[in-house]
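# Analysis of the macromolecular model
The residues making up each chain are set out below.
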Amino acid sequence: TTRLTGLAVAKNPHHTLGIMYGKIMRSLNKMPQDAAYRKYTEQIVTQRIEILKNTPNVAELEAKLNSGQIEEVIVQAENEVFLARKMLEWKPWEPLVKEAPPNQWKWPI
């Protein structure tokens, strides 16, 4: 048991995470090289892929990733796949369609 309500034990976490990280990387590769989301997400996912490849023990993998139980890491990866695909749709790296209103980027006003 994961001891987390509604979160079942992952049967093959290495395989599942490998698939999720591959999907994230494929989405990122469709974005411009200089897009901030791509740069920083690619850096994190690349590090996690290396850790995943070099750590066969699940408990050790959880410790190295330092993001909760492996089942939680899988949920995080699934959410990142969803976000990466949304970012491709939203294209936040493109210029604004029209000029931003005065003080749009000031806080506090």
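Reading the values: the criteria
Residues numbered from 1 in each chain as written. Predicted model: local features only at pLDDT ≥ 70, side-chain atom pairs only at ≥ 80, totals over all residues. Heavy atoms only, no water. UniProt positions renumbered as here; feature names shortened; annotations may be inferred. Helix = DSSP H or I, 4+ residues; strand = E, 2+ residues; numbered from the N terminus. Contact = heavy atoms within 4.5 Å. Core = buried A, V, L, I, M, F, W, Y, C linked by side-chain atoms within 4.5 Å. Buried < 20%, exposed > 50% of the residue type's maximum accessible area, 1.4 Å probe, protein only. Axes fitted to C-alpha atoms, helices over the stretch in contact; angles between N-to-C directions. Parallel < 35°, antiparallel > 145°, perpendicular 65-115°, else oblique. Left-handed = near helix turned anticlockwise from the far one by under 90°.

The protein appears in an unreviewed UniProt entry as NADH dehydrogenase [ubiquinone] 1 alpha subcomplex subunit 5 from Allacma fusca. For the record of the protein, the UniProt heading Subunit (unreviewed entry) holds the text "Complex I is composed of 45 different subunits."

## Quick word on the side chain of Ser 27
As for its position among the elements, Ser 27 is in helix 1 (residues 13-28). Contacts of Ser 27, omitting those with residues within four sequence positions, involve Ala 84, Arg 85 and Leu 88.

## Here's the deal with unusual backbone geometry
Of note, the amide linkage connecting Trp 107 to Pro 108 takes the cis form, showing an omega dihedral of -15°. Of note in the backbone geometry, Lys 91 takes a positive phi value of approximately 50° without being a glycine. Assignment of secondary structure puts Lys 91 in the segment after helix 4 (70-90).

## Focus on the nonpolar core
Counting 21 residues, the largest nonpolar core has Leu 17 and Tyr 21 as its most contacted members. Broken down by secondary-structure element, the contributors of at least two residues to this core are helix 1, helix 2 (36-54), helix 3 (58-65) and helix 4. Ranked by residues supplied to this core, first place goes to helix 4 with eight residues. Beyond its immediate chain neighbours, meaning those up to four positions away, Tyr 21 contacts Val 45, Arg 48, Ile 49, Leu 52, Val 73 and Ala 77.

## Overview of the packing of helix 1 against helix 4
Contact geometry for helix 1 and helix 4: axes closest at 9 Å, N-to-C directions at 15°. Put simply, helix 1 runs roughly parallel to helix 4. Classified by chirality, the crossing of helix 4 by helix 1 is left-handed. Residue-level inspection shows Pro 13, Thr 16, Leu 17, Met 20, Tyr 21, Lys 23, Ile 24 and Ser 27 of helix 1 in contact with helix 4, the latter providing Ile 70, Val 73, Ile 74, Ala 77, Glu 78, Glu 80, Val 81, Ala 84, Arg 85 and Leu 88.

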